[in-house]
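Read off the chains here:
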Amino acid sequence: MSDFSPKSEHKFTFGLWTVGSRGADPFGSAVRPHKTPAELVYLLGEVGAYGVNFHDNDLIPIDATPAEAESIKKDFRKALADTGLVVPMATTNLFSDPIFKDGAFTSNDPKVRAYALQKTMNAIDLGVEFGAKTYVFWGGREGTETDSSKSAVEAVKRSREAMNFLCEYALDKKYGLKFALEAKPNEPRGDMYNPTTGHMLAFIPTLDHPEMVGVNPEVAHEHMSGLNFMHGVAQAWEAGKLFHIDLNDQYPGRYDQDLRFGSRDLKAAFYLVKFLEDVKYDSSRHFDAHAYRTEDFEGVKDFARGCMRTYLILKEKAAQFNADAEIQALLAEINTVDGALAPMFGKYTPEKAAALKAQAFDRAVIAGRGLKYERLDQLTIDILTGTR
Ligand code: GLT
Ligand code: MN
Ligand code: MN
């Protein structure tokens, strides 16, 4: 029997807002009672998570007095010590309070932009106090319903100015933080700026400190756009920018579902896990998802255990795929090596260009070869369904 129990080496983390979600949606109120941050840490300890992440206001309500804040922090710190959970990531809530109704860093109102910077600096201090090494930015309200209201170019400039300011702040304080930008195409705004991981990857090199800024791609957010999530993750990885990842699931073309990891598109989840394991991704595997609204807190534990279990099952399936002789033979056949052509590839030289131009290609013969991808895909299905 395989062991699918989570261990610290897997770096499975959950946000306080994930297991703490009370199941409210735009059509109905909360179905689960409030749990304190400390209670949620004990819940995560019980299911075997490695770490917990938070927004400033998941931990400390926006209107808490300094005394209340201290007491919450004390209980939270004790829960972390009791369970051994760590805080690898923290973030700022720049979307819930009405002040952010038209954005935070991209708001037209300089008072809102200034408040967003102040709130983020305080939240960074709080995250660092609990040991966070990665700081996530999700611009939940950075967008529009009507493009009559804002300049999209100005929004990019304002976003850049805010990120540059906050990078300098973290450097000034010697926090050793990495920033991870999280994209989403829409919801809660009609349209959001920097809507995909690809947009974020294009934005980062325009910053003053691109080396400390990467991405936090989320499965659901790219599936909402109809994109292949693993491809975006691979591009971020190749660029050295995969600092963090939000795992969940999502049907394309729907509202933000935040489903249990792997519960909707098992095949996409398989390719993602296989990718992360093949490249030896070593940061948090953060489940940014919610239990169904039908669940009580026992169901929330089922949900959290399910996220981790599915990941580990798919990790085993990936190892099986890599060890499968027939699959590897097919892959070797597909990835042919042609020694005669090798000298024509790579960095341009006029000689290579001339050699390529002189080369004869038999298009019909080359195109006539079947690639056996049907067989390869069915073998993948056989592995995923446990029939192989
Ligand atoms: C919010 C959002 C998530 C983000 C979180 C970080 S908050 O739940 O839906 O995708 O990662 O701000
Ligand atoms: Mn997320
Ligand atoms: Mn989401």
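Scroll up for the structure.
Described in the following lines is the structure provided in the data block. Remember, predicted model here, so these are calculated numbers, not experimental data.

With respect to helix α9 (residues 229-238)
Then comes step 1: Those residues of α9 that fall on the buried side of the exposure criterion are Phe229, Gly232, Val233 and Ala236. One face of α9 carries all of its buried residues, which in axial projection span an arc of 100 degrees. α9 presents Gln235 and Glu238 as exposed residues on the side facing more than 90 degrees away from its buried surface.
Then comes step 2: Against α7 (197-203), β8 (213-215), α8 (219-224), β9 (246-247) and α10 (266-278) lie the buried residues of α9.
Then comes step 3: Put simply, Asn228 is the residue that caps the front of α9, since its side-chain oxygen is 3.1 Å from the backbone nitrogen of Met230.
Then comes step 4: Gly240, located one to two residues past α9, shows a positive phi value of around 75 degrees.

Considerations on the sheet that holds strand β1 (residues 12-15)
Then comes step 1: One open sheet holds the eight strands; their spatial order is β8-β6-β4-β3-β2-β1-β10-β9, and the pairing between them is parallel. The open sheet is flanked by β8 and β9, the only strands paired with a single partner.
Then comes step 2: The pairing of strand β4 (residues 134-138) with strand β6 (residues 178-182) spans five bridges and is classified as parallel. Along β6, the bridge assignment pairs Tyr135 with Phe179.

Digging into empty space enclosed by the protein
Then comes step 1: Under the counting rule described, the total for this entry stands at two cavities of 30 Å³ or more.
Then comes step 2: In this structure, the largest cavity occupies an estimated 240 Å³ of space.
Then comes step 3: In terms of lining residues, the largest cavity is bounded by 17 residues, among which Gly139, Glu142, Ser159, Asn194 and Met200 are the most central.
Then comes step 4: Counting only elements with at least two residues in the lining of the largest cavity, the list comes to β4, α6 (152-172), β6 and α7.
Then comes step 5: Considering only residue class, the lining of the largest cavity consists of eleven nonpolar, three polar and three charged.
Then comes step 6: Taken together, Leu330, Glu333, Ile334, Arg369, Gly370, Leu371 and Lys372 form the lining of the second largest cavity.
Then comes step 7: Classifying every residue of the lining of the second largest cavity gives three nonpolar, one polar and three charged.

As for the coordination of the manganese ion (ligand 2)
Then comes step 1: Every protein donor of the manganese ion (ligand 2) is listed here as Glu182 (OE), Glu218 (OE), Asp246 (OD) and Asp288 (OD), and their distances to the metal cover 1.9 to 2.2 Å.
Then comes step 2: In this structure, the manganese ion (ligand 2) is surrounded by six donor atoms whose angles at the metal cover 76 to 168 degrees, and the resulting shape is octahedral.
Then comes step 3: If you list the donors of the manganese ion (ligand 2) from N- to C-terminus, the spacing comes out as E-x35-E-x27-D-x41-D.
Then comes step 4: Between the manganese ion (ligand 2) and the manganese ion (ligand 3), the interatomic distance is 4.5 Å, and Glu218 donates to each metal, bridging them. One end of the pair, Glu218, is in the loop between β8 and α8; the other, Asp288, is in the loop between β10 (285-287) and α11 (297-323), and 70 residues separate them in sequence. Per residue, the accessibility class of Glu218 equals that of Asp288, and both read buried.

Remarks on the site of ligand 1
Then comes step 1: Neighbouring ligand 1 are Trp17, His55, Thr91, Phe95, Trp138, Glu182, Glu218, His221, Asp246, Asp256 and Asp288.
Then comes step 2: In this structure, Glu182 approaches ligand 1 through a side-chain N or O atom, which is 2.6 Å from an oxygen atom.
Then comes step 3: At a separation of 3.1 Å, an oxygen atom of ligand 1 approaches a polar side-chain atom of Asp246.
Then comes step 4: Protein contacts shield 92% of the accessible area of ligand 1, which totals 310 Å² for the unbound molecule.
Then comes step 5: Looking at the shell around ligand 1, its residues break down into three nonpolar, three polar and five charged.

Things to note about the coordination of the manganese ion (ligand 3)
Then comes step 1: Looking at the metal site, the manganese ion (ligand 3) is ligated by Glu218 (OE), His221 (NE2) and Asp258 (OD), spaced 2.1 to 2.6 Å from it.
Then comes step 2: On the primary sequence, the residues serving as donors to the manganese ion (ligand 3) are separated as E-x2-H-x36-D.
Then comes step 3: Assessed through its relative accessible area of 2%, His221 is described here as buried.

What about the nonpolar core?
In summary, soluble globular proteins display a tendency toward joint burial of nonpolar side chains.
Then comes step 1: One finds Phe14, Phe76, Phe179 and Phe261 to be the most contacted residues of the largest nonpolar core, which totals 93 residues.
Then comes step 2: Counting residues per element, this core draws most heavily on α11, which supplies eleven residues.
Then comes step 3: One finds Trp17, Met89, Val136 and Phe243 within the second-largest nonpolar core, a separate group that totals five residues.

Conventions used here
Residues numbered from 1 in each chain as written. Chains lettered and ligands numbered in written order. Predicted model: local features only at pLDDT ≥ 70, side-chain atom pairs only at ≥ 80, totals over all residues. Heavy atoms only, no water. Buried < 20%, exposed > 50% of the residue type's maximum accessible area, 1.4 Å probe, protein only. Helix = DSSP H or I, 4+ residues; strand = E, 2+ residues; numbered from the N terminus. Arc of directions from axis to C-beta. Contact = heavy atoms within 4.5 Å. Polar contact = N/O pair within 3.5 Å; in protein donor to acceptor, adjacent residues only side chain to side chain. Pairing = 2+ DSSP bridges. 1 Å grid on protein atoms, 1.4 Å probe; cavity = no way out; pocket = protein on both sides within 12 Å on 5 of 7 lines; lining within 4 Å. Points joined across faces, edges and corners; volume = space filled by probe spheres on them. Nonpolar A, V, L, I, M, F, W, Y, C, P; charged D, E, K, R; others polar. Donors = N, O, S within 2.8 Å, 3.2 Å for Na, K, Ca; no water. Tetrahedral: all angles 85-135°; square planar, octahedral: opposite > 155°, others 65-115°. Near = heavy atom within 4 Å. Areas by Shrake-Rupley, 256 points an atom, 1.4 Å probe, with all protein chains shown as cover. Core = buried A, V, L, I, M, F, W, Y, C linked by side-chain atoms within 4.5 Å.

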